[in-house]
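Here is what each chain is made of, one letter per residue.
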Amino acid sequence: MFSDRRRRRAARRVRPGDGHALKRYRWWQPLSRALFHLDLVGDDGRPERWSVDVRLWGDSDDGDVRARLYRDGVHQATSKLPAELPVTGGTVQVDNSGYGLRRCHYVAPDGRERQLTPDPASAEGRRARLERDRPGLSRGIGVATWVVLALALVLGVPQIVEQVSQIPPVAEHFGTFTSPVHLSAGLNVALLVATLVASTERALRLRYHWLLDGGLFGGED
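Values in this document were obtained by computation on a predicted structure and should not be read as measured data. (Residues numbered from 1 in each chain as written. Predicted model: local features only at pLDDT ≥ 70, side-chain atom pairs only at ≥ 80, totals over all residues. Heavy atoms only, no water.)

A. Examining the overall build of the protein chain more closely. Regarding its fold elements, the protein chain presents 5 helices and 10 strands. Principal-axis analysis of the C-alpha atoms gives the protein chain an extent of 65 × 40 × 35 Å. Burial status across the protein chain gives 41% buried among its 221 residues. For the protein chain, long-range pairs separated by at least 24 residues make up 49% of all intrachain contacts whose partners lie at least 6 apart in sequence. Accessible surface, the protein chain as shown: approximately 12,700 Å² in total, 57% of it carbon and sulfur. One way to put it: in the protein chain the 32 positive side-chain charges average out to a point 3 Å from where the 26 negative ones average out. (Helix = DSSP H or I, 4+ residues; strand = E, 2+ residues; numbered from the N terminus. Buried < 20%, exposed > 50% of the residue type's maximum accessible area, 1.4 Å probe, protein only. Contact = heavy atoms within 4.5 Å. Areas by Shrake-Rupley, 256 points an atom, 1.4 Å probe, with all protein chains shown as cover. Lys, Arg positive; Asp, Glu negative; His and termini not counted. Charge placed at Lys NZ, Arg CZ, Asp CG, Glu CD.)

Below, the structure is given as structure tokens:
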């Protein structure tokens, strides 16, 4: 959930839409675009499909990552992330990490929330289909990614602390630290690649933990 302060700031970032049509998800966009849908019933009793479209690498004009909100395929609003977008009977909260989305949830006024459904053509949609069709394999992948990130934390942090402690001002005030772990350059590169893959896989499921996914190798703070 967003804090009250974060919600107020997010609300001020919302800009009205211009009515353009939602573009179809293309096969070459799985790592650059996230598309989620939410089916609601409007005030007139008619079904509505709300969609949230996020270009994960940022917009081409300024590089900022924005969430665009559509109702029945028509653009309604745009906001930089983190975003809180108004929909029928509540809001949609959208936030990202360094590897993809970490939140895309519908929040009702009473605080109840549910994750939006990823578009079937998207990478998130394909990952959701794997979880639905092969739950055992999906759980295994989830455990493997958690283990990889935990190992990266255990093996990577001491080496980073050692390097930081050798900076002259730090060494002068706090002394130096010798890491009990020293991996070769090749193993560190392999660990970095495995961490990036694991964090990306977790982002496809909108999983996020401030310690595991929080920036050891370039993610969020």
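B. Local environment of the packing of aromatic side chains. Within this structure, the stated rule accounts for 1 aromatic pair. An angle of 90° between the planes, with centres 5.7 Å apart, marks the rings of Trp 27 and Trp 28 as edge-to-face. On the accessibility criterion, Trp 28 (53% relative accessible area) is exposed. Over the face of the ring belonging to Phe 2 we find Arg 6, whose NZ or CZ atom lies 5.1 Å from the ring centre. Against the face of Tyr 208 rests Arg 102, its NZ or CZ located 4.2 Å from the ring centre. (Phe/Tyr/Trp six-rings, centres within 6.5 Å; stacked < 30°, edge-to-face > 60°. Lys NZ or Arg CZ within 6 Å of the ring centre and 35° of its normal.)

C. Looking closely at unusual backbone geometry. The linkage connecting Leu 81 with the following residue, Pro 82, adopts the cis geometry, with an omega of -5°. Within the fold, Pro 82 resides in the loop between strand S5 (74–80) and strand S6 (83–87). Of note, the phi angle at Asp 72 is positive, near 50°, even though the residue is not glycine. Looking at where Asp 72 falls in the secondary structure, it is placed in the loop between strand S4 (66–71) and S5. Phi at Leu 206 is positive, roughly 55°, even though this residue is not glycine. For Leu 206, the location among the structural elements is in the segment after helix H5 (185–204).

D. The arrangement of the pattern of salt bridges in detail. Applying the stated criterion to the full structure yields 18 salt bridges. Across the salt bridge formed by Asp 95 and Arg 6, the nearest N and O atoms sit 2.8 Å from each other. One end of the pair, Asp 95, is in strand S7 (residues 90–97); the other, Arg 6, is in helix H1 (residues 4–13), and 89 residues separate them in sequence. Here Arg 205 and Glu 201 are joined by a salt bridge, their closest N and O atoms 3.0 Å apart. Assessed through its relative accessible area of 13%, Arg 205 is described here as buried. For Glu 201, a relative accessible area of 10% corresponds to the buried category. Here the residues in one salt-bridge network are Asp 59, Asp 62, Asp 64, Arg 66, Arg 68 and Lys 80, joined through shared partners. (Salt bridge = Lys/Arg side-chain N within 4 Å of Asp/Glu carboxyl O.)

E. Inspection of the nonpolar core at higher detail. In terms of nonpolar packing, the biggest core is built from 24 residues, with Val 52, Val 54, Val 94 and Leu 101 touching the most fellow members. Mapped by element, the contributors of at least two residues to this core are strand S2 (33–41), strand S3 (47–55), S4, S6, S7 and strand S8 (100–107). It is S2 that contributes the most residues to this core, 4 residues altogether. Filtering out sequence-adjacent residues up to four positions away, Val 54 remains in contact with Ser 32, Arg 33, Ala 34, Val 65, Arg 66, Ala 67, Leu 81, Val 94 and Leu 101. (Core = buried A, V, L, I, M, F, W, Y, C linked by side-chain atoms within 4.5 Å.)

F. Region of interest: H5. Between its terminal C-alpha atoms H5 stretches 29 Å, which fits the 28 Å expected from 20 residues at 1.5 Å a residue. Those residues of H5 not exposed but buried are Leu 191, Thr 195, Ala 198, Ser 199, Glu 201, Arg 202 and Ala 203. Buried-residue contacts for H5 involve S8, helix H2 (123–133) and helix H3 (135–165). Backbone geometry just downstream of H5 places Leu 206 in the positive-phi region, at approximately 55°. (Expected span 1.5 Å × (residues − 1).)

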